[in-house]
Amino acid sequence: MISLSASSFLNKTGVPGCSTHLSLRQPRTRTRTSPAFFRVFSTLGSNRDPNGSVLIEAASSSLETSASADIVVPKSTVSGGVQDVYGEDAATEDMPITPWSLSVASGYTLLRDPHHNKGLAFSHRERDAHYLRGLLPPTVISQDLQVKKMMHTLRQYQVPLQRYMAMMDLQETNERLFYKLLIDNVEELLPVVYTPTVGEACQKYGSIFLRPQGLFISLKEKGKILEVLRNWPEKNIQVIVVTDGERILGLGDLGCQGMGIPVGKLSLYTALGGVRPSACLPVTIDVGTNNEKLLNDEFYIGLRQRRATGEEYSELMHEFMTAVKQNYGEKVVIQFEDFANHNAFDLLAKYGTTHLVFNDDIQGTASVVLAGLIAALRFVGGSLSNHRFLFLGAGEAGTGIAELIALEISKKTQIPLEEARKNIWLVDSKGLIVSSRKESIQHFKKPWAHDHAPIKDLVDAVKAIKPTVLIGTSGVGQTFTQEVVETMAKLNEKPIILALSNPTSQSECTAEEAYRWSEGRAIFASGSPFAAVEYEGKTFVPGQANNAYIFPGFGLGLIMSGTIRVHDDMLLAASEALAEQLMEEHYEKGMIFPPFRNIRKISARIAARVAAKAYELGLATRLPQPKELEQCAESSMYSPSYRSYR
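Fair warning: this is a prediction, and the values are worked out from it, not measured in the lab.

About the thresholds
- Residues numbered from 1 in each chain as written.
- Predicted model: local features only at pLDDT ≥ 70, side-chain atom pairs only at ≥ 80, totals over all residues.
- Heavy atoms only, no water.
- Buried < 20%, exposed > 50% of the residue type's maximum accessible area, 1.4 Å probe, protein only.
- Helix = DSSP H or I, 4+ residues; strand = E, 2+ residues; numbered from the N terminus.
- Pairing = 2+ DSSP bridges.
- Right-handed = clockwise from strand over helix to strand, strands pointing away.
- Axes fitted to C-alpha atoms, helices over the stretch in contact; angles between N-to-C directions.
- Contact = heavy atoms within 4.5 Å.
- Phe/Tyr/Trp six-rings, centres within 6.5 Å; stacked < 30°, edge-to-face > 60°.
- Lys NZ or Arg CZ within 6 Å of the ring centre and 35° of its normal.
- UniProt positions renumbered as here; feature names shortened; annotations may be inferred.
- Polar contact = N/O pair within 3.5 Å; in protein donor to acceptor, adjacent residues only side chain to side chain.
- Parallel < 35°, antiparallel > 145°, perpendicular 65-115°, else oblique.
- Nonpolar A, V, L, I, M, F, W, Y, C, P; charged D, E, K, R; others polar.
- Left-handed = near helix turned anticlockwise from the far one by under 90°.
- Salt bridge = Lys/Arg side-chain N within 4 Å of Asp/Glu carboxyl O.

Right, let's get into the pairing of strand β7 (residues 280-286). Taken across its seven residues, β7 has seven buried, putting it largely inside the fold. Bridge count between strand β5 (residues 215-218) and β7: four bridges; the pairing is parallel. What sits directly across from S218, in β7, is D286. Relative to β7, strand β6 (residues 239-243) runs parallel, the two being bridged by five bridges. When the bridges of β7 are listed, I240 appears paired with L281. Crossover connection from β6 via helix α11 (residues 260-271) to parallel β7: handedness right-handed.

This is the structure in structure tokens:
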């Protein structure tokens, strides 16, 4: 006898039940099962008992002869137990069993489905229609009250990581409530689901890991990546965020535990940019780690080996990129996150002409910082070409920002790009990048090697270059010392100081230090959030140059226009659109970025500008072009409000 459990679900034949489970105890030797075995599903409407269990006699002689001893599932061998439906108690530990499951979202299963679960918000009618009576307390509450209750609970936690874990748990149990909560409280919860808390989450990911939230593709999957992609339950993917975990924020190599970054970024794609959750795919490429602490950590979840490099690494990445295009098509956005410098630039250059790729560390950071600088001109006057820029940090973020600034200056003044670069200087770990170092530096630093005497220390570089803008992308905390900031203040009436490294512990200086050491004259922004600062009776609201201003709207613009390649002009368009969102009230508080509470409208504006530029450049495939692109962007955004069920 084969037992099929079909409790709490209503199918076309009227059988109640939430799921249908078929279990057959497996013999040690493989036997060929007769087609009669699979025909049991066709009789689901008959032979059911009053409790909803479907008991089907297998009358086929071929079925009886092929597995006669194993067809009957015996009673549990556990004293006092119920019938062993799955054959687990009867099987020895080394004997395989078959995890058959055919489910429809209703009853108990519905409450465990994060895409459809509404918790106490299920109406009385829905509870009757979907077999939820008795599975929930009798009260019915609104989604707004659920949001209020969750915020009350989150505020009880004193440790940010506890809030992060609570939010991730909510995402895995009630997806719409998670996004409703995040959208309605974005300024408070953005630091929880993303930087700075996500940095700590990645460091401890092995310890807090409960459920997989994306695809883990390791060297063990080489040659089978297309098959792995097809294991993901959602098929209509529009955005992939991928990392190899080698340079997570300013924390270094976290290996497989870098998965927190793609998960967090894609949460923001939905909450801030309105991309459907089902269209988002987080991916971690695990090629090992050089972090000895992780390699010796018993809770580490990744490959326990040194990082693969060279041809082995390139072949795995190429297989991944090829498989993505084959499985999801030409127009899927692939966003690279937190790759080390030597791979980040190579991957962007290699696949920028064949795939729709975007590196948030290089291009997203550059776009948001350029927007802040355009807004800062309101305070300091002039144009970008009138200013002199000094960077501490010459990696992905530093060189990416520098290049986009030069590109904007070149387009606005009609001067060659090489000429525009001359007012932009970079300092790396060995000092000021100058022409005498050109033969020993990496290729992406060479455009910034200008004629000047070598300088080792940052403060000496500030004194010699006399910048009006100081930008930190070093990933090293407290490098904008009091002497550095005071020197900037002596050189400029309103020095622009951007301490962009994440998380907060790695910021080049705090907001309070920047305002105090500059006597309240600095125009300041950081990568991680800082609270408002009181100085001599005036309140300063530090800006946050968060990539979340750009990439959700940027990605939405690519998707809604069907763009096939990213162009630098799209990044410039996004920067200008963001800078335009600042109002007079924001300038009065010294802000160079708008508040996050309006982020969905900001994202819609950015998406419209990016899409318009894509159509202008002939890179958009979704034709004809909508007349009102901003309205189109807003109307296409995912809504987290609950749906009514029949």
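Read across the open sheet, the five strands follow the order β5-β7-β6-β8-β9; overall the sheet is parallel. Strands at the two margins of the open sheet, each flanked by one partner only, are β5 and β9 (357-359). Direction aside, the axes of adjacent strands within the sheet are offset by 25° on average. Those strands touched by helix α21 (residues 551-561) are β6, β8 (333-336) and β9, and its axis lies near 155° from that of β8.

A word on the packing of aromatic side chains. Within this structure, the stated rule accounts for 15 aromatic pairs. Ring centres of F122 and Y645 lie 6.0 Å apart, and the angle between their planes is 45°; this geometry places the pair in the tilted category. A residue pair is termed long-range when its members are at least 10 positions apart, and F122 in the loop between α2 (107-111) and α3 (124-129) and Y645 in the segment after α25 (629-635) qualify at 523 residues. For the pair shown, F122 and Y645 are each scored as buried. Counting every residue linked through ring pairs, the aromatic cluster contains Y515, F524, F530 and F540. Cation over ring: K118 sits above Y645, and NZ or CZ is 4.7 Å from the ring centre. One Lys or Arg, R421, reaches over the ring of W448 and ends 5.6 Å from the middle of that ring.

With that settled, the discussion passes to the UniProt feature "binding site: a divalent metal cation" (unreviewed entry) in the chain. Under the UniProt annotation, the feature "binding site: a divalent metal cation" (unreviewed entry) is placed at E337, D338 and D361. On the basis of their most widely separated C-alpha atoms, the annotated residues across 25 residues gather in one place, lying no more than 6.8 Å apart. Beyond its immediate chain neighbours, meaning those up to four positions away, E337 contacts Y194, V241, V242, T243, D244, I261, K265, D360 and D361. Only 3.4 Å separates the side chain of E337 from the side chain of K265, close enough to count as a polar contact. Assignment of secondary structure puts D338 in the loop between β8 and α14 (341-351).

A few words now on the packing of helix α4 (residues 143-154) against helix α6 (residues 175-184). Packing of α4 against α6 leaves a shortest axis separation of 10 Å and a crossing angle of 70°. In terms of orientation, α4 lies roughly perpendicular with respect to α6. On α6, the residues touching Q143, D144, Q146, V147, M150, M151 and L154 of α4 are R176, L177, K180 and L181. Partitioned by chemical class, the residues of the contact of α4 with α6 number six nonpolar, two polar and three charged.

Now for the environment of D568. One can find D568 in helix α22 (residues 568-579). Residue D568 is classed as partly exposed on the basis of its relative accessible area, which comes to 39%. Spatially, the C-alpha atom of D568 lies 8.5 Å from that of Q363, the residues being 205 residues apart in sequence. With near-sequence residues (within four places) excluded, D568 lies in contact with Q363 and L407.

One can find N117 in the loop between α2 and α3. Note on N117: relative accessible area 9%, which makes it buried. Excluding residues within four positions of it along the chain, N117 makes contact with L110, L111, F122, T173, N174 and Y642. Reaching out from N117, the side chain makes a polar contact with the backbone oxygen of L111 at a distance of 3.4 Å. Within polar-contact distance, the side chain of N117 engages the backbone nitrogen of G119 at 2.9 Å.

Moving on: the packing of helix α13 (residues 310-328) against α14. In the contact formed by α13 and α14, the axes pass within 12 Å of each other and the chain directions differ by 45°. Compared by their axis directions, α13 and α14 come out oblique. The two elements α13 and α14 meet at a crossing, and its hand is right-handed. Between α13 and α14, the contacting residues are Y313, M317, H318 and M321 on the first element and N343, L347, K350 and Y351 on the second. Grouping the amino acids of the contact of α13 with α14 by side-chain chemistry returns five nonpolar, two polar and one charged.

What follows deals with the pattern of salt bridges. For the structure on display, the rule yields 32 salt bridges. Among the ionic pairs, E403 bridges to R421, the shortest N-O distance being 2.8 Å. With E403 in helix α16 (residues 396-413) and R421 in the loop between α17 (417-420) and β11 (424-428), the pair connects residues that are 18 residues apart, well separated along the chain. Judged by relative accessible area, which is 14%, R421 ranks as buried. With a closest N to O distance of 2.8 Å, R437 and D428 form a salt bridge. Take R437: its relative accessible area is 13%, and that puts it in the buried class. Among the charged side chains, a network of salt bridges with common partners joins R247, D338, D361 and E396.

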